[in-house]
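Listed below, chain by chain, are the residues.
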Amino acid sequence: MNLGCYQTIQFPRSGKVRFLSSNPLKSSHLKGIQAGSVKFRNFQVSQRRKDVTMRLKSMLSVDSVVEMEGKEGVSTESKYDAIVIGSGIGGLVAATQLAVKGAKVLVCEKYVIPGGSSGYYQRDGYTFDVGSSVMFGFSDKGNLNLITQALSAVGREMEVIPDPTTVHFHLPNNLSVRVHREYSEFIEELTSKFPHEKEGILKFYGKCWKIFNALNSLQLKSLEEPIYLFGQFFQKPLECLTLAYYLPQNAGDIARKYVKDPQLLSFIDAECFIVSTVNALRTPMINAGMVLCDRHFGGINYPVGGVGGIAESLAEGLIDQGSEILYKANVTNIILDQGKAVGVRLSDGREFFAQTIISNATRWDTFGKLLKGENLPKEEENFQKIYVKAPSFLSIHMGVKADVLPPDTDCHHFVLEDDWTRLEESYGSIFLSIPTVLDSSLAPKGHHILHIFTTSSIEDWEGLPPKDYEAKKELIAKEIIGRLEKKLFPGLKSSIVFKEVGTPKTHRRFLARDIGTYGPMPRQIPKGLLGMPFNTTGISGLYCVGDSCFPGQGVIAVAFSGVMCAHRVAADIGLEKKSPILDTALLRLLAWLRTLA
Ligand SMILES: NC(=O)c1ccc[n+]([C@@H]2O[C@H](COP(=O)([O-])OP(=O)(O)OC[C@H]3O[C@@H](n4cnc5c(N)ncnc54)[C@H](O)[C@@H]3O)[C@@H](O)[C@H]2O)c1
Ligand SMILES: CC(C)=CCC/C(C)=C/C=C/C(C)=C/C=C/C(C)=C/C=C/C=C(C)/C=C/C=C(C)/C=C/C=C(\C)CCC=C(C)C
């Protein structure tokens, strides 16, 4: 819809409308439409206001247009406490947490809706999750339900549907394992496949619980903030020492202490691979402990209406707190003044300034593209020495006739048919998510969504003429669908009514991630999480958030990185307690520890 200089985007799920403007003085003034009313704020020119009000009423067929109390609009003179580059879950959690602490935040998002990899898109009556679909940290109990907590901090709550099975593994030698929500049922199923390893299974998963319980006992905030960190050590010494002990360790080494059966060790590799894209020997034990237990503690819960609703709710909550989000705002430069990050420049030339800049772009994008001509800080050199960009995905979003799925089909599947050695190869293993098993409203009646993805590198897709690129997409998609037809769903091909294939280039384009990467992957065997940087960077005033920060990939992991980042930034801008002397000592100690990784 076109309203003069305003462009509207309607979030189809909630029916809300966001107004965009190419004019910096007027962008972000209008907000939200719901149940027959339009709200907008800070409309500066009264004649124009009347005009737009009338046009809104007639064009949107609504009864009333409500003006909200105004704050300063976005302008080049605006001064914010923080500017967040990108509205992935990491960026949005950092922004909302800061906003509720009283900071004025501006989020600049390149795309037209929030969420990044946790966004959505709609076609032909289907609502597809772009990427993430297995939601950890979305329950109503404990301290690790970070998605629930992030939403509730801005007064939002989402209805969720419990997933009875986190994932159904279909593995070589016809090994089929369902990860039931109930821990005892999962252990019973796994030990029935490996009765001779019952003790080892209990011991390995028991260690995971030890870590999970330690994590769950802490109040999670920034590990880079000494007053909090020492406070936690004082209140929960055993739990903190447990975490410090496991911090440099990997799941594969711990598994090998208790388990000998090579096939069971490969199963544990697959368990780790689905959350880290590497095997257990390269997966940090703390992360393994977190995901292998949260799925039984709080369980995996899917938001009604799709994953995209999480980001939309956070973005709305952010605006309610008096902060702002600009869409189609592609940051091309982080502006430095005497070595300190002070602002951002967009591709259309607009500039915004703030006390602190938080980048939710990957560290490779932040330091490789947004900071032009700067020498790479030593910390980032160290990061790039330890971590490489994980490959991206080939993803197939499909609508199929419902009767192709047998009754009681699980929502999430992981398929590796014949050969364990193909686990980490491109196109070797297949992830499959069928969210309509839980929420049928995502597809037209009588249909299901199949979101299929498999690892793939951008090199496979570059330099191809458009016709060859399209043909290659079709060929590989056909092969992957054929494998699923053979293994899981006979008749799958003929049941397809909608199909769209994305490649690593699609991920790069829509998610603004270098090579479309899934996130950081250790180059070699890492020392657990020891080498993973937190949120501060070598550039004063510049922070990073998201999956190239501690503790890495995963929606709940980036939510934690958002919480940590907001706490550290809040301390630095005077909204939380801070001790400059202890800060210097702790930040030096952490930097030194990372060099040991
Ligand atoms: N399952 C999947 O396919 C998949 C793929 C990738 C990531 N993930 C998950 O997604 C999460 C990643 O979350 P995250 O918070 O790190 O980030 P994200 O990549 O999801 O979001 C980053 C956001 O920043 C925006 N952005 C990047 N550069 C920008 C710029 N220069 N200017 C303006 N906006 C810019 C992007 O458009 C995007 O919306 C992780 O949990 C990861 O596990 C899932
Ligand atoms: C500082 C120092 C040095 C020391 C001290 C000690 C301490 C205190 C420590 C502490 C620590 C902490 C707190 C930590 C924390 C951590 C955490 C929270 C973590 C988390 C993690 C998470 C994760 C990793 C997650 C992930 C997930 C994922 C990735 C997911 C994915 C999914 C997918 C891909 C899907 C699948 C599908 C199908 C199958 C279909």
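Each residue is numbered by its place in its chain's sequence as written, counting from 1. Here chains are named by letter from A upward and ligands by number from 1 upward, in the order in which they appear as written. A pLDDT threshold of at least 70 governs which residues receive local features in this predicted model, and a stricter bar of 80 or more applies before side-chain atom pairs are shown or counted, although totals over entire chains, interfaces and linings include all residues. In computing side-chain properties, one takes all heavy atoms of the structure into account and sets aside hydrogens as well as water.

**Observations concerning the site of ligand 1**
So, point 1. Looking at ligand 1, there are 31 residues lining it, with Glu109, Ser117, Val331, Arg513 and Gly554 nearest.
So, point 2. Under the rule applied, a polar contact is a pair of N or O atoms within 3.5 Å (in protein, one hydrogen donor and one hydrogen acceptor; residues adjacent in sequence only if both atoms are side-chain atoms). A distance of 2.8 Å separates an oxygen atom of ligand 1 from a polar backbone atom of serine 117.
So, point 3. The separation between an oxygen atom of ligand 1 and a polar side-chain atom of arginine 513 is 2.5 Å.
So, point 4. Where accessible areas are quoted, they stem from the Shrake-Rupley method and a 1.4 Å probe; at the residue level, only the protein chains shown are allowed to cover. Here ligand 1 has 870 Å² of accessible area as a free molecule, and 96% of this is covered by the chains.
So, point 5. Where helices and strands are cited, they refer to DSSP runs of H or I of at least four residues and of E of at least two residues respectively, numbered from the N terminus. Mapped onto the shell around ligand 1, the elements with two or more residues apiece are α2 (89–100) and α16 (555–572).
So, point 6. Partitioning the shell around ligand 1 into residue classes produces 13 nonpolar, 14 polar and four charged. Note on terminology: near, applied to a residue and a molecule or strand, indicates that one of the residue's heavy atoms is within 4 Å of it. Gly falls in the polar group here, along with every residue not listed as nonpolar (Ala, Val, Leu, Ile, Met, Phe, Trp, Tyr, Cys, Pro) or charged (Asp, Glu, Lys, Arg).

**Some details on the packing of aromatic side chains**
So, point 1. Between 30 and 60 degrees the pair is tilted, below 30 it is stacked and above 60 it is edge-to-face, where a pair is any two Phe, Tyr or Trp rings, Trp via its six-membered ring, whose centres lie within 6.5 Å. Evaluation of the coordinates by the stated rule reveals 25 aromatic pairs.
So, point 2. Look at tyrosine 111 and phenylalanine 510: their rings are 5.9 Å apart centre to centre, the planes differ by 75°, and that puts the pair in the edge-to-face class. Of this pair, tyrosine 111 sits in the loop between β8 (105–108) and β9 (120–123) while phenylalanine 510 sits in helix α15 (residues 504–511), and the two are 399 residues apart along the sequence.
So, point 3. Think of it in three bands: with a 1.4 Å probe and only protein chains considered, a residue is buried below 20% of the maximum accessible area for its type, exposed above 50%, and partly exposed in between. On the basis of relative accessibility, which here comes to 32%, the residue tyrosine 111 falls in the partly exposed class.
So, point 4. With relative accessibility at 36%, the residue phenylalanine 510 sits in the partly exposed group.
So, point 5. Consider the rings of tyrosine 121 and phenylalanine 128, whose centres lie 5.3 Å apart with planes at 40°: the pair is tilted.

**Concerning the packing of helix α5 (residues 198–217) against helix α9 (residues 262–276)**
Geometrically, a packed helix pair is captured by the angle between its two axes and the distance between the axes.
So, point 1. Every angle, taken between N-to-C directions, lies between 0 and 180 degrees, and every axis is a line fitted to C-alpha atoms, over only the stretch in contact when it is a helix. In the contact formed by α5 and α9, the axes pass within 12 Å of each other and the chain directions differ by 25°. Considering their axes alone, α5 and α9 lie roughly parallel with respect to each other. Classified by chirality, the crossing of α9 by α5 is right-handed. Residues Ile201, Phe204 and Tyr205 of α5 touch α9, and the partners they reach there are Leu264, Phe267, Ile268 and Glu271.
So, point 2. Of the residues contributing to the contact of α5 with α9, the split by class is six nonpolar, no polar and one charged. Should an angle fall under 35 degrees it is called roughly parallel, over 145 degrees roughly antiparallel, and 65 to 115 degrees roughly perpendicular, with every other angle called oblique. In this scheme the crossing of two helices becomes right-handed for a clockwise turn of the near helix relative to the far one and left-handed for an anticlockwise turn of less than a right angle. What makes two residues a contact is simply this: any of their non-hydrogen atoms within 4.5 Å.

**Let's talk about the environment of aspartate 124**
So, point 1. Of note, aspartate 124 is situated in the loop between β9 and β10 (126–129).
So, point 2. Sequence spacing of aspartate 124 and glycine 399 is 275 residues, and the spatial spacing of their C-alpha atoms is 9.2 Å.
So, point 3. Excluding residues that lie within four positions of it along the chain, aspartate 124 makes contacts with Pro444 and Phe498.

**Concerning the site of ligand 2**
So, point 1. Taken together, 31 residues surround ligand 2, and among them Ile274, Val275, Val291, Leu432 and Gln553 come closest.
So, point 2. For ligand 2, whose unbound accessible area comes to 1100 Å², protein coverage reaches 94%.

**A word on the UniProt feature "domain: Amine oxidase" (unreviewed entry) in the chain**
So, point 1. According to UniProt, the feature "domain: Amine oxidase" (unreviewed entry) maps to residues 89–569 in the numbering used here.
So, point 2. Helix makes up 38% of residues 89–569 and strand 21%, whereas the separation of the span's terminal C-alpha atoms amounts to 17 Å. UniProt positions are given in the numbering used here, feature names are shortened, and annotations may be inferred rather than shown by experiment.

**Quick word on the nonpolar core**
So, point 1. In these notes, a set of buried Ala, Val, Leu, Ile, Met, Phe, Trp, Tyr and Cys residues joined through side-chain atoms within 4.5 Å is what counts as a nonpolar core. Formed by 119 residues in total, the largest nonpolar core has its most connected members in Phe204, Tyr205, Phe267 and Phe414.
So, point 2. Considering each element in turn, this core owes the most residues, 11 residues, to α16.
So, point 3. Beyond its immediate chain neighbours, meaning those up to four positions away, phenylalanine 267 contacts Phe169, Leu171, Val177, Phe186, Leu190, Tyr205 and Trp420.
So, point 4. By size, the runner-up hydrophobic cluster in this structure holds 24 residues, among which are Val415, Leu432, Leu488 and Phe489.

**Observations regarding the environment of leucine 596**
So, point 1. Along the chain, the position of leucine 596 falls in the segment after α17 (580–595).
So, point 2. Through-space distance from the C-alpha of leucine 596 to that of proline 248 is 9.8 Å; in sequence the pair is 348 residues apart.
So, point 3. Not counting residues up to four positions away in its chain, the partners in contact with leucine 596 are Lys527 and Leu530.

**Thoughts on the pairing of β9**
So, point 1. When β9 meets β10, the two strands line up antiparallel, connected through four bridges. Bridging from a neighbouring strand, arginine 123 pairs with tyrosine 126 of β10.
So, point 2. Note: two strands are recorded as paired if DSSP finds a minimum of 2 bridges between them. From the end of β9 to the start of β10, which pair antiparallel, there are two residues, and aspartate 124 there has a positive phi angle of about 45°.

**Observations regarding the sheet that holds strand β20 (residues 392–401)**
So, point 1. Across the sheet, seven strands lie side by side as β13-β12-β21-β22-β23-β20-β24; this open sheet has mixed pairing. Two strands close off the open sheet at either side, each with one partner strand: β13 (175–180) and β24 (496–502). Looking at each pair of strands side by side, their axes are set apart by 15° on average, direction ignored.
So, point 2. Here β20 runs beside β24; their pairing, made up of six bridges, is antiparallel. By the bridge assignment for β24, isoleucine 396 is matched with valine 501.
So, point 3. Strand contacts of α9: β12 (165–171), β13, β21 (412–415), β22 (430–433) and β23 (447–456), with the helix running at about 130° to β12, the strand carrying the most contacts.
So, point 4. Running at roughly 95° to β20, α15 makes contact with β20, β23 and β24 of the sheet.

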